[in-house]
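Examining the three-dimensional arrangement
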Amino acid sequence: MTLKLMLHGIHVQYIDSAFVYQQALTSPYKLLRQRSRWVQGNLYCIKYFKAVMTSQQIDVIQKVGILYFLAQPWINVAADLSVFGLTIITGLRVSQLLVAHPSLLVSALITGGLLFLFSQFWGFVFSAFYIHDLHMTRMTVPKWTHLVGLPSIVSYMYVLLFGSLVMAYWRKLRGNNSWVKTARQSVG
């Protein structure tokens, strides 16, 4: 809808001080469906590519942002397939190396541990921003024991949600474009 508004000359602006309360999803399946619906929405909007690029109503910075939005499903598939492929290749090569040279086991474990810690970087960055935002909105910050796994979850979110990409592309290929939005629980 925002894209259509912009193409019709209605000014849309990002406000970084706004925040919205929302209800958390109650199951991994609901998260998978929601993410799949979002991906399919990106795939649906690709038909506006030419209109966006030729629009006199949308400035260059907005066009770059829209292109990034439209590219997300393709970037995510490429990234996930790369991670899967490189993990398999690396695992095979390391296992071959360890079979030939068992004395390298300690070095391999240390290197693997360092790579794991390095992969957590963006999870730690997200966690810091998340805790900061909770403080800024005067919301309760969860206990540290509840936050300890957050970096791993964030760092591997796109790998974990690869199923949502598969679901969205499958639905798109089959021409199934209708969705029932995620049902909300009554609050009371």
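What you see is a predicted model, and the numbers here were worked out from it, not measured in a lab.

Calculation notes
- Residues numbered from 1 in each chain as written.
- Predicted model: local features only at pLDDT ≥ 70, side-chain atom pairs only at ≥ 80, totals over all residues.
- Heavy atoms only, no water.
- Helix = DSSP H or I, 4+ residues; strand = E, 2+ residues; numbered from the N terminus.
- Rg over C-alpha atoms; globule rule 2.2 N^0.38 Å.
- Buried < 20%, exposed > 50% of the residue type's maximum accessible area, 1.4 Å probe, protein only.
- Areas by Shrake-Rupley, 256 points an atom, 1.4 Å probe, with all protein chains shown as cover.
- Lys, Arg positive; Asp, Glu negative; His and termini not counted.
- Charge placed at Lys NZ, Arg CZ, Asp CG, Glu CD.
- Axes fitted to C-alpha atoms, helices over the stretch in contact; angles between N-to-C directions.
- Parallel < 35°, antiparallel > 145°, perpendicular 65-115°, else oblique.
- Left-handed = near helix turned anticlockwise from the far one by under 90°.
- Contact = heavy atoms within 4.5 Å.
- Nonpolar A, V, L, I, M, F, W, Y, C, P; charged D, E, K, R; others polar.
- Expected span 1.5 Å × (residues − 1).
- Core = buried A, V, L, I, M, F, W, Y, C linked by side-chain atoms within 4.5 Å.
- Arc of directions from axis to C-beta.
- Phe/Tyr/Trp six-rings, centres within 6.5 Å; stacked < 30°, edge-to-face > 60°.

In this section: the overall build of the protein chain. Check the secondary structure of the protein chain and you find 10 helices and zero strands. Computed over its C-alpha atoms, the radius of gyration of the protein chain comes to 21 Å, more than 25% above the 16 Å expected for a compact globule of 188 residues. Each principal axis of the C-alpha atoms in the protein chain carries an extent, and together these give about 65 × 40 × 35 Å. Relative to its full complement of 188 residues, the protein chain shows a buried share of 20%. A total accessible area of about 14,300 Å² is found for the protein chain, and carbon and sulfur atoms account for 70% of it. Here the protein chain carries 16 positive and 4 negative side-chain charges, and the mean point of each set is 16 Å from the other.

One can describe the packing of helix α2 (residues 28-45) onto helix α10 (residues 162-173) by two numbers: an axis separation of 8 Å at closest approach and a directional angle of 50°. Taken together, the axes of α2 and α10 are oblique relative to one another. Remark: the crossing between α2 and α10 carries right-handed chirality. Listed contacts from α10 to Leu32, Arg33, Arg35, Ser36, Val39, Gln40, Leu43 and Tyr44 of α2 are Gly163, Ser164, Leu165, Met167, Ala168, Tyr169, Arg171 and Lys172.

This brings us to the packing of helix α4 (residues 60-100) against α10. Closest axis-to-axis distance for the α4/α10 pair is 10 Å, and the angle between their directions is 130°. Taken together, the axis directions place α4 and α10 in an arrangement best described as oblique. The two elements α4 and α10 cross, and the hand of that crossing is left-handed. Here Pro73, Trp74, Asn76, Val77, Asp80, Leu81 and Phe84 of α4 come into contact with α10, specifically with Phe162, Leu165 and Tyr169. Taken together, the residues that form the contact of α4 with α10 break down as eight nonpolar, one polar and one charged.

With that out of the way, let us pick up α2. With 18 residues, α2 extends 26 Å from end C-alpha to end C-alpha; this agrees with the ideal 26 Å at 1.5 Å per step. Looking only at α2, the buried set comprises Gln34, Arg35, Ser36, Arg37, Val39, Gln40, Asn42, Leu43 and Cys45.

Moving on: the nonpolar core. Ranked by size, the top nonpolar core spans eight residues in total: Leu3, Met6, Cys45, Tyr48, Val52, Ile58, Ile66 and Leu70. Breaking this core down by element, the ones donating at least two residues are α1 (2-7) and α4. Aside from chain neighbours lying at most four places away, what touches isoleucine 58 is Met6, Leu7, Val52, Lys63 and Ile66. Membership of the second largest hydrophobic core comes to five residues, among which are Val39, Leu165, Ala168 and Tyr169.

We now examine helix α6 (residues 121-136). With 16 residues, α6 ought to run about 22 Å at 1.5 Å a step, and its terminal C-alpha atoms sit 23 Å apart, in line with that. For α6, every residue scored as buried is listed here: Gly123, Ser127 and Leu134. Taken down its axis, α6 places every buried residue within 40° of arc, on the same side. Exposed positions of α6 whose direction lies more than 90 degrees from the buried face are Trp122, Phe129, His135 and Met136. Arginine 138 sits one or two positions beyond α6 and adopts a positive phi of about 60°.

Quick look at the packing of aromatic side chains now. Enumeration over the complete set of coordinates arrives at three aromatic pairs. Residues tryptophan 74 and tyrosine 169 carry aromatic rings whose centres are separated by 5.2 Å and whose planes lie at 70° to one another, so their mutual orientation is edge-to-face. Taken together, the residues tryptophan 74 in helix α4 and tyrosine 169 in helix α10 connect sequence positions 95 residues apart. Overall, the relative accessible area of 49% leaves tryptophan 74 in the partly exposed class. Aromatic side chains phenylalanine 126 and tyrosine 130 sit 6.0 Å apart centroid to centroid with 10° between the ring planes, which places their arrangement in the stacked category. Remark: tyrosine 130 and phenylalanine 126 occur in helix α6; sequence separation between them is four residues, near one turn of the helix.

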